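# A closer look at the structure
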Amino acid sequence: MLQEHFDYVNKDGVSTNIGPNAREILLQLAEKEFNRGNLENSIFHQIRLLYQSAQERYRPRHYAKDNSVSKTINVDELLAQMNADEKADLPNNALIQYALKTFKENSKEKVNSSDPCDIFRDISDPSQGVKRIQDICKQMPEEWTVLQLCKGFNTLSTYSKYSKIHESDAAIYITILRHIRTCDYPKPICLRFSGVDQKELFNKFACIVDRFKQCVEGDHKKWSTVEGKQHYWKLLDELNNFIALAVADLKSFLFPWSFLFTGIPHTVFTAGNNMHELWRNIDTFCDQYQWNDQSRVLLSLAALNAHSLTNMQIEDVCTFLTDHSKQRAMAFDLLEQIREQQELRTAVIDLTKNDDDKAYRYFPCVLIVDERLDHFYWEEINICQEFTRASSFQSLWRLYYLYRKNMEHDKNLSKMELRMSTFFDYWLPHWKKIVARKPTNDEFFKDLLTRSCYVYTGHGSGLQYINGRNIAKHVLRSVVFLFGCDSCRLHTTGLYSELIGAHLYYQAAIPAIIGTIMPGLDANMDRVATEILSRWIAPNSANILPWNEVEMTSWIKKGIIKPATHSPKCNKNSQSPLPSSSTGCNYNMGSLCAVLARVHKRGGESKLYNTVPYILVKHSMGIPQSVHSET
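The shown structure was predicted, so the numbers you read here are calculated from the model rather than taken from an experiment. (Residues numbered from 1 in each chain as written. Predicted model: local features only at pLDDT ≥ 70, side-chain atom pairs only at ≥ 80, totals over all residues. Heavy atoms only, no water.)

### Looking at a positive patch on the surface
Heads up, the rule is: Excluding any residue in a salt bridge, patches collect residues exceeding 30% relative accessible area, merging like charges within 9 Å and nonpolar Val, Leu, Ile, Met, Phe, Trp and Tyr side chains within 5 Å. Residue exposure ignores everything except the shown protein chains as possible cover, and the areas themselves are Shrake-Rupley values with a 1.4 Å probe. Counted as salt bridges are all cases of a side-chain nitrogen of Lys or Arg within 4 Å of a carboxyl oxygen of Asp or Glu. Positive residues here are Lys and Arg, negative ones are Asp and Glu, while His and the chain termini are left out of the count. Charge positions come from single atoms, namely NZ of Lys, CZ of Arg, CG of Asp or CD of Glu. Numbering of helices and strands runs from the N terminus; a helix is a DSSP stretch of H or I covering at least four residues, while a strand is a stretch of E covering at least two. Buried, partly exposed and exposed residues are distinguished by accessible area as a fraction of the type maximum, computed with a 1.4 Å probe on protein chains only: under 20%, between the cut-offs, and over 50%, respectively.
Taken together, the side chains of Lys 229, Lys 415, Lys 557, Lys 558 and Lys 562 make up a positively charged region of the molecular surface. Looking at the element boundaries, Lys 415 is found in the loop between helix 16 (393-403) and helix 17 (416-427). Note on Lys 415: relative accessible area 47%, which makes it partly exposed.

### Considering the pairing of strand 6 (residues 453-457)
Here is the rule: Two strands are counted as paired when DSSP detects at least two bridges linking them.
Extensive coverage of strand 6 is indicated by the burial of four of its five residues. Where strand 6 lies against strand 7 (residues 479-483), five bridges are found, and the strand directions are parallel. Of the residues in strand 7, the one forming a bridge with Val 455 is Phe 481.

### Some thoughts on helix 11 (residues 275-289)
Think of an α-helix as turning once every 3.6 residues; residues three or four places apart then point the same way. The criterion, for reference: Expected helix span is given by 1.5 Å per residue-to-residue step, counting one fewer step than there are residues. By arc we mean the arc of the directions from the helix axis to the C-beta atoms, nothing more.
In this model helix 11 runs 21 Å from its N-terminal to its C-terminal C-alpha over 15 residues, within 8% of the 21 Å that 1.5 Å per residue would give. Among the residues of helix 11, those classed as buried are Met 275, Leu 278, Trp 279, Ile 282, Asp 283, Phe 285, Cys 286 and Tyr 289. The buried residues of helix 11 occupy one face: seen down the axis, they fall within an arc of 160 degrees. Exposed side chains of helix 11 directed beyond 90 degrees from the buried face belong to His 276 and Gln 288. Backbone geometry just after helix 11 places Gln 290 at a positive phi near 55 degrees.

### Considerations on the packing of helix 12 (residues 293-304) against helix 13 (residues 311-321)
Definition in use: Note on method: axes are straight lines fitted to C-alpha atoms, helices fitted across the in-contact stretch only, with angles between N-to-C directions ranging 0 to 180 degrees. Angle categories are assigned with fixed cut-offs, so that under 35 degrees is roughly parallel, over 145 is roughly antiparallel, 65 to 115 is roughly perpendicular, and the rest are oblique. We call two residues in contact whenever any of their non-hydrogen atoms come within 4.5 Å of each other. Residues were grouped as follows: Ala, Val, Leu, Ile, Met, Phe, Trp, Tyr, Cys and Pro as nonpolar; Asp, Glu, Lys and Arg as charged; and all remaining residues, including Gly, as polar.
In contact at an axis separation of 10 Å, helix 12 and helix 13 are set at 170 degrees when each is read in the N-to-C sense. In terms of axis orientation, helix 12 runs roughly antiparallel to helix 13. Taking contact as the criterion, the partners of Gln 294, Ser 295, Leu 298, Leu 299 and Ala 302 in helix 12 are, on helix 13, Val 317, Phe 320 and Leu 321. A per-class count over the contact of helix 12 with helix 13 returns six nonpolar, two polar and no charged.

### Regarding the packing of aromatic side chains
Test applied: Working definition: a ring pair exists when centres of Phe, Tyr or Trp rings (six-membered ring for Trp) sit within 6.5 Å. Plane angles under 30 degrees give stacked, over 60 give edge-to-face, the rest tilted. Note on criteria: charge over ring means Lys NZ or Arg CZ within 6 Å of the ring centre, with the direction from the centre no more than 35 degrees off the ring normal.
In the structure shown here, the tally under the stated rule is 25 aromatic pairs. Where Phe 34 meets Tyr 173, the ring centres are 5.2 Å apart and the plane angle is 75 degrees; that geometry is what we call edge-to-face. With Phe 34 in helix 2 (residues 20-35) and Tyr 173 in strand 2 (residues 172-178), this pair connects stretches of sequence that are 139 residues apart. For Phe 34, a relative accessible area of 16% puts it in the buried group. One aromatic cluster in this structure is built from Phe 423, Phe 424, Tyr 426, Trp 427, Trp 431, Trp 547 and Trp 555. The ring of Phe 242 carries the charged tip of Arg 211 above its face, separated from the ring centre by 4.2 Å.

Okay, here's the thing in structure tokens:
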């Protein structure tokens, strides 16, 4: 019966979006195939179901499958079917004349039947689907690491109210789609994580947003007293500790494989790197003991990150890779030797590097995140790594397909209104700004989204001012910053409903979005927003005060920008020629992934509840390295 359902979902070689039922059918198949040991089949169904959920509704119109195309009226056939009276009346009927002209013009338009997003069009066989995945991964930039995160089968994840969708526990599948050895070993690899603690893990992440709201949505008059303020900060400190424990539990749940959330080192593409020697040692070992390709790749990834692994991690990795005690011991010794060699090499190099240099030694890692897992703080697994999220493998491919010609690789790599308006007046006075009023539809598309950068600060995502479908119809080049509560958070409207989010309309048309997956405190959100913007966007003048030398208290409370007491520019006559010359500024860093990684390292803000919400969605890893005066 399950196969019959799948055949219906896949009829005519095109995914039929029949809502949550289609997702459940594909997810059941994915779990069934995994339990049978058919990992490739399971991966195929997982990738299908992540795209199956809701993507069709948000894609630009000229890429969507339009059933009306096959029913387009042929003008010659219509004229042939007219009777004598209709033909006689035709010259004098202006409306019909206009309709016929329109039909004729529309029929001349070329319809793009090739959808780069639906990669499984006309494919229902899993083996063909996996081959297609491999072909696409080989076409992606060699710097990319791509991981897919999918929640396992549990009917409560779909047939429940919103709170239960996130609470319901299930296994978590991690599929390695692209890695450092993809060219030689292109088959994707899938690992499943489950355990007795998974129910508690899902409960913790499901309640974080509600706990935050309970902290801040009280009687504000009570906070004016000393006791009230102490209680308020006590609640937030408890929340901060709770988030830290939840993140620690997530790392423990994924043990020992958290090192998979690490990108490819920059040194791989530099002269004199030792990758050839490393792979030769790994391949010699695997050939000797006849290990399969999956074990070879996992051992290779462990070896690449051996310097960060503990003995317990190495032991657990080796136990997973082989049941043979002697081979397990030999693999442990091999990884230990590699770790010692890496530590010796990096010990010398790291003496000359600061913490930021150490953090950005890896190319970004793409996380394809199931909507049922989107509320997890995956970026916290490795805060020294740059991440970006996508909702499906097909969406990632579409992004690369549309914007690859314009890509540059990252190898170099009421008070809110006052605060943010003063920041933009100071840092980017030449920008087009709309403050304290509703923008018109024309302004959105002529003055805002058509530029290379669009920043929204306020409640939510800004879609209360424009129809999201009008955005989804376009293919825009703008990088979007949505600095509002829950701007990139998925939610639902009731039972049997797929998760939805305002940011999905932006995603359909725009290459990169910075947003939040939980509410935030307005002052702290303004501080993080300016930290992100000032580090990515070059200021209007080379001689203005660097943002990390601004007195934050004065700006947050009064919107006044002045030098902090620690700033070398307190003396106006000692202005340095470039903002980037200020110690530790690193302004105009270029990589959005790097900027977000610094936020998750608590570079400018120490509290987790102020930093974990920020994510980068669907970044093309190389669209504008910086934004200047053309915006």
